Amino acid sequence: MFYSDVKGRKVAADYDFALIWAAGLLLALGLVMVYSSSIAIAEGSRATGQQSAYFLIRHCAYLMVSFVLAVAAFQFPLVVWQKGALYLFMLGVALLMLVLVPGVGREVNGSQRWLSLFVVNFQPSEVMKLFAVIYAADYTVRKSADMHSLKKGFLPMFIVMLLVGGLLLREPDFGAFAVITVIAMGILFLGGMNWRLFAGLIALLLVGFVLLIWLSPYRLQRVAGFMDPWADPFGKGYQLSHALIAFGRGEWLGVGLGASVEKLFYLPEAHTDFLLAVIAEELGFIGVLMVILAFSFIVARAFAIGRQAAQLERHFPALVAQGIGIWLGVQTLINMGVNMGVLPTKGLTLPLLSFGGSGIAANCCALAVLLRVDWENRQLMRGVNL
């Protein structure tokens, strides 16, 4: 993007305003849709004091805190993020362990994924995704000469991911485990891992995922409900069947903002995991398409920024930018796939849109780091020493 200076010359802008606008529009849409999808839940719950704007107020607060954290994250040069990569990852592992301590971690809907901060609940697995991006990028750069070695390049990262995966599955949080695994794999591949090792890793992971589903009764039930939600629409297929009904009711242009029926206690987690179904019902195919296009643009920009950093021989920032693109892209695909009945039901929110302070904060900080990579690229291209 360019602007004109005082002499009328075209000068490159300091920031990627198109990326900022795309993220801002998604955050704004998320605020509107969280309010629309949560009014009935808020009015019908004693925990919210039966205040219709309960989730709206909290989501506004989350957005303000996330903005402050994002501005703070932008201030740190990528060299600082790289130096702190190991310490951030260790902090993330410690938080995942802390969640599992009886009396410390808070259990909600059968999963122990949260730490109570009195006013809000904090979900460590969300920030762990950002820490995983930073650590995997740093690891790949440090081990660049060993990326073709099974023992030196692959096994250390594999052991680390097994540790993180074991902690996440204890919560359990299979969705976060899947996203973090894909982040690590993607960064290793982009960093030059031997394709044979990468193919073998994919095969091992597929076998592992199948075993995790097969050996876990509740995951097996979710897969069974996914295969045929109408066989048990009031049991295993309840969430998916109502999500599909919401998509069907929305048709091309939707039933109108605020007019969703499925959010009236039919569709569980309408303001979090199944927010896209409410968007589809109220704003129709056009609304869903706009969301898809916005996310596609953000992911494309992340890879473009990473490619530009690589051309400037800034390998760590390049992998960080592309890792953020992988994270946002994969999590968005999984959430949309679940909402549309393409993937089994999984507890993953829609980035930048769904209700949840930890997720919004982590997403905003990730975008701030991405903007920092782009800003440093632009400064170097102008010949400014960082």
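Conventions adopted
Residues numbered from 1 in each chain as written. Predicted model: local features only at pLDDT ≥ 70, side-chain atom pairs only at ≥ 80, totals over all residues. Heavy atoms only, no water. Helix = DSSP H or I, 4+ residues; strand = E, 2+ residues; numbered from the N terminus. Expected span 1.5 Å × (residues − 1). Buried < 20%, exposed > 50% of the residue type's maximum accessible area, 1.4 Å probe, protein only. Pairing = 2+ DSSP bridges. pLDDT = per-residue confidence, 0-100. Contact = heavy atoms within 4.5 Å. Salt bridge = Lys/Arg side-chain N within 4 Å of Asp/Glu carboxyl O. Patch = residues over 30% accessible without salt bridge, like charges linked within 9 Å, V, L, I, M, F, W, Y side chains within 5 Å. Areas by Shrake-Rupley, 256 points an atom, 1.4 Å probe, with all protein chains shown as cover.

Another aspect to go through is helix α12 (residues 315-340). Between its first and last C-alpha, α12 extends 37 Å over 26 residues, near the 38 Å set by a 1.5 Å rise per residue. In terms of residue burial, α12 counts as a mostly covered element, since 23 of its 26 residues are buried. Count one or two residues on from α12 and you reach G341, which has phi positive near 80 degrees.

On to the environment of V79. With respect to the secondary-structure elements, V79 resides in helix α3 (residues 78-83). A residue is classified by how much of its surface remains accessible, and V79, at 46% relative accessible area, is partly exposed. Between the C-alpha atoms of V79 and P317, which are 238 residues apart in sequence, the distance is 8.5 Å.

This next bit is on the sheet that holds strand β5 (residues 121-122). Spatially, β3-β4-β5 is the arrangement adopted by the three strands of the open sheet, whose pairing is antiparallel. Of all strands in the sheet, those bounded by a partner on one side alone are β3 (105-108) and β5. In terms of strand pairing, strand β4 (residues 111-116) meets β5 through two bridges, oriented antiparallel. Directly across from S116, in β5, lies its bridge partner N121.

This paragraph deals with the confidence of the model for the protein chain. Per-residue confidence for the protein chain averages 89 on the pLDDT scale, and 94% of its residues sit at or above 70. The secondary structure element of the protein chain with the lowest average pLDDT is strand β1 (residues 2-4), at 46, and the one with the highest is helix α11 (residues 275-311), at 98. A low-confidence stretch, residues 2-6 (pLDDT under 50), is modelled with twelve contacts involving residues beyond four sequence positions or located in other chains.

In this section: the pattern of salt bridges. All told, the structure shown has eleven salt bridges when counted by the stated rule. Note that R301 and D374 form a salt bridge whose closest N and O atoms lie 3.9 Å from each other. Note that R301 is positioned in helix α11 and D374 in helix α13 (residues 357-381), a separation of 73 residues in sequence. In this structure D374 comes out as buried when scored by relative accessible area, which is 1%. A network of salt bridges, in which partner residues are shared, links D16, R301, D374 and R378.

Before going further, it helps to examine a nonpolar patch on the surface. A grouping of W252, L253, F285, I286, L289, M290 and L293 is seen on the molecular surface, where their side chains present a nonpolar patch of about 750 Å² in accessible area. Structurally, I286 is set in helix α11.

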